[in-house]
Amino acid sequence: MSVMPAIRTKRFLTRCQEEVYRQVKSYLDELVDEHFDDAEHCDFYLKYGTTVLEISIEPYEEDDAVVEVLAFCVQGVEPSFAMMRELLRLNSDVPLGAFSMVGSDVFFSHSFLGRRLRPEQFIASLDNVASIADEYDDKLVEQYGGETALERMRSGKPRPRSGVTQKAEQN
């Protein structure tokens with residue numbers, strides 16, 4: 001007798017979160033050749049240049065959802081005052097989004113409300129986050145150490161969990 005593996009289902013906390021998730025999925029299906037749909041959370045992952053993007057959808061109040069496009073820029077870097085200052089300086093230069101650091105990992109992300117999500121808004125956020133992360137990840141690694149998301153994937157080391165991913169796991 002064979003046992004069927006448990007089917008993983010998405011856990012939506014609000015109807016709006018589910019609607020925005022389905023809209024984002026349809027945009028990704030049209031825009032990119034390959035993306036990974038996290039079966040337990042409202043997340044998508046895709047590779048862009050030397051970075052990996054995580055797109056998450058979290059409920060916001062009763063009638064909206066926050067879409068966060070997050071890039072894994074640098075992983076395993078030793079935090080320093082000089083690097084923090086440089087990330088803050090870069091944050092003042094970029095038009096959308098911001099760099100952040102959690103532990104020894106640097107991220108770049110942009111968040112927006114998704115209830116009235118239009119394709120051009122989603123594409124602009126994806127393009128902006130991916131381009132900035134791809135532009136700066138190698139520069140940051142060269143100057144401060146660590147490795148890019150692509151280098152981390154190729155080395156087989158585990159991917160760090162973003163704050164959004166950790167928050168989703170707690171729900």
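Predicted model, so just to flag it, every value in this text is computed and none were measured.

Cut-off values and rules
Residues numbered from 1 in each chain as written. Predicted model: local features only at pLDDT ≥ 70, side-chain atom pairs only at ≥ 80, totals over all residues. Heavy atoms only, no water. Buried < 20%, exposed > 50% of the residue type's maximum accessible area, 1.4 Å probe, protein only. Helix = DSSP H or I, 4+ residues; strand = E, 2+ residues; numbered from the N terminus. Pairing = 2+ DSSP bridges. Axes fitted to C-alpha atoms, helices over the stretch in contact; angles between N-to-C directions. Parallel < 35°, antiparallel > 145°, perpendicular 65-115°, else oblique. Left-handed = near helix turned anticlockwise from the far one by under 90°. Contact = heavy atoms within 4.5 Å. Nonpolar A, V, L, I, M, F, W, Y, C, P; charged D, E, K, R; others polar. Core = buried A, V, L, I, M, F, W, Y, C linked by side-chain atoms within 4.5 Å.

As for the pairing of strand β6 (residues 105-113)
Inference 1: Taking burial as the measure, the nine residues of β6 include seven buried ones, the bulk of the element.
Inference 2: As paired elements, strand β4 (residues 64-75) and β6 share nine bridges and run antiparallel to each other. When the sheet's bridge partners are listed, L70 is paired in β6 with S109.
Inference 3: Summarising the sheet, strand β5 (residues 98-102) and β6 pair through five bridges and their orientation is antiparallel. Counted as the bridge partner of M101 is V106 from β6.
Inference 4: Taking the residues that link successive antiparallel strands as the turn, the β5-β6 hairpin has two residues, and the phi of G103 there is positive, at about 65 degrees.

A word on unusual backbone geometry
Inference 1: Of note, the phi angle at E61 is positive, near 55 degrees, even though the residue is not glycine.
Inference 2: Tracing the backbone shows E61 in the loop between β3 (51-60) and β4.
Inference 3: What makes E61 exposed here is its relative accessible area of 58%.

Considering the packing of helix α2 (residues 81-93) against helix α3 (residues 119-144)
Inference 1: Across the interface, α2 lies against α3 with an axial gap of 11 Å and an inter-helix angle of 155 degrees. Of the possible angle classes, the one that applies to α2 and α3 is roughly antiparallel. Between α2 and α3 lies a crossing whose hand is right-handed. Residues A82, M83, E86, L87 and L90 of α2 form the contact with α3, whose participating residues are Y136, L140 and Y144.
Inference 2: Grouping the amino acids of the contact of α2 with α3 by side-chain chemistry returns seven nonpolar, no polar and one charged.

Quick word on the nonpolar core
Inference 1: With 39 residues, the main nonpolar core has V24, I55, I57, F99, V106 and F122 as its most contacted residues.
Inference 2: Per-element tally for this core: the top contributor is α3, with ten residues.
Inference 3: For V24, the residues in contact, after removing those within four places along its chain, are F44, I55, I57, V67, L117 and F122.
Inference 4: The next biggest cluster of nonpolar side chains, apart from the first, holds six residues, and it includes V52, L70, F107 and A149.

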